[in-house]
Amino acid sequence: MGAPVALCFLLREGPLGREVLLGRKKRGFGLGKVVGLGGHIEPGETPAEAAVRELAEEAGVVLDAALLTPAGSVDFRFPARPAWDMECTMFTSTVWTGEIGETEEIAPAWYPVDRLPVEHMWQDADHWLPVVLSGTVGDFYVEMAEDNETVARFVVLGQ
């Protein structure tokens, strides 16, 4: 079983259509990649509570756990690095307060939902993130190859 993590994708209507908040990792796992905001679920936290805490830590925004929209899950497997395995619970939200700002861990930025920066993301994101951002709740399985970068297997478990 992988480490429990939670992600929350903030969505807004921008001048050219729907946008999602993603962030370039400045340290730690995924350094240099554009990723969804979130992180590990601490003991005693629900996935929604973890998402709220992580977005406060990573981008300075305040969310209400009760207003998060469940978006599904991704089971990430790294056979060459099992310590990286993750069980990810996902949410979206269009409601938050506070000014989005850069932190020591993440440089957040808005991206058009229909033009995600996939060339700067983990390769698997292109498989499941457009589905999640379309409003479809989905459960996915991602198995990475030996290089820990490319997708060896992708399965839609349910939508």
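Since we're looking at a predicted model, the values are computed, not measured.

About the thresholds
- Residues numbered from 1 in each chain as written.
- Predicted model: local features only at pLDDT ≥ 70, side-chain atom pairs only at ≥ 80, totals over all residues.
- Heavy atoms only, no water.
- Disulfide = S-S within 2.5 Å.
- Buried < 20%, exposed > 50% of the residue type's maximum accessible area, 1.4 Å probe, protein only.
- Helix = DSSP H or I, 4+ residues; strand = E, 2+ residues; numbered from the N terminus.
- Pairing = 2+ DSSP bridges.
- UniProt positions renumbered as here; feature names shortened; annotations may be inferred.
- Phe/Tyr/Trp six-rings, centres within 6.5 Å; stacked < 30°, edge-to-face > 60°.
- Lys NZ or Arg CZ within 6 Å of the ring centre and 35° of its normal.
- Contact = heavy atoms within 4.5 Å.

With that settled, consider the state of the cysteines. What is meant by a disulfide is a covalent connection between two cysteines, made through their sulfur atoms. In this structure the tally under the stated criterion is zero disulfides. The cysteine Cys8 is free of any disulfide, with Cys88 supplying the nearest cysteine sulfur at 11 Å. Looking at Cys8, the relative accessible area reads 1%, which means it is buried.

Here we take up the pairing of strand 8 (residues 138-144). The element strand 8 is extensively covered by neighbouring structure, given that five of its seven residues are classed as buried. With six bridges connecting them, strand 5 (residues 69-77) and strand 8 associate as parallel partners. Across the sheet, residue Val74 finds its bridge partner in strand 8, namely Phe140. In this sheet, strand 9 (residues 151-158) lies alongside strand 8 in antiparallel orientation, the contact comprising six bridges. Bridging from a neighbouring strand, Glu143 pairs with Arg153 of strand 9. Adjacent in sequence and paired antiparallel, strand 8 and strand 9 are bridged by six residues, among which Asn148 carries a positive phi angle near 60°.

The sites that carry the UniProt feature "domain: Nudix hydrolase" (unreviewed entry) are, in the present numbering, residues 1-137. Taken end to end, residues 1-137 is 16% helix and 36% strand, and its two terminal C-alpha atoms sit 22 Å from one another.

Overall, the coordinates contain six aromatic pairs when judged by the stated rule. Between Phe9 and Trp128, the ring centres sit 6.2 Å apart and the planes meet at 55°, which makes this aromatic pair tilted. Of the two residues, Phe9 is situated in strand 1 (residues 3-14) and Trp128 in helix 2 (residues 125-133); the sequence distance between them amounts to 119 residues. Neither residue differs from the other here; Phe9 and Trp128 are each classed as buried. Residues Phe76 and Trp128 carry aromatic rings whose centres are separated by 6.2 Å and whose planes lie at 70° to one another, so their mutual orientation is edge-to-face. Of this pair, Phe76 sits in strand 5 while Trp128 sits in helix 2, and the two are 52 residues apart along the sequence. No difference in accessibility class separates Phe76 from Trp128, as the two residues are buried. Clustering of aromatic rings is evident, with ring pairs tying together Phe9, Phe76 and Trp128. Its end group placed over the ring of Trp122, Lys33 keeps NZ or CZ at 4.7 Å from the ring centre.

Right, let's get into the side chain of Asp124. Structurally, Asp124 is set in the loop between strand 7 (106-112) and helix 2. Ignoring anything within four residues of it in the chain, the contact list for Asp124 reads Phe76, Val142, Met144 and Val151.

With that out of the way, let us pick up the pairing of strand 6 (residues 86-93). In terms of burial, strand 6 is a largely internal element, six of the eight residues being buried. Sheet topology note: the strand 1/strand 6 ladder contains eight bridges and is parallel. Its bridge partner being in strand 6, Pro4 is matched across the sheet by Glu87. Direction of pairing for strand 5 relative to strand 6: antiparallel, over a ladder of seven bridges. What sits directly across from Pro70, in strand 6, is Phe91.

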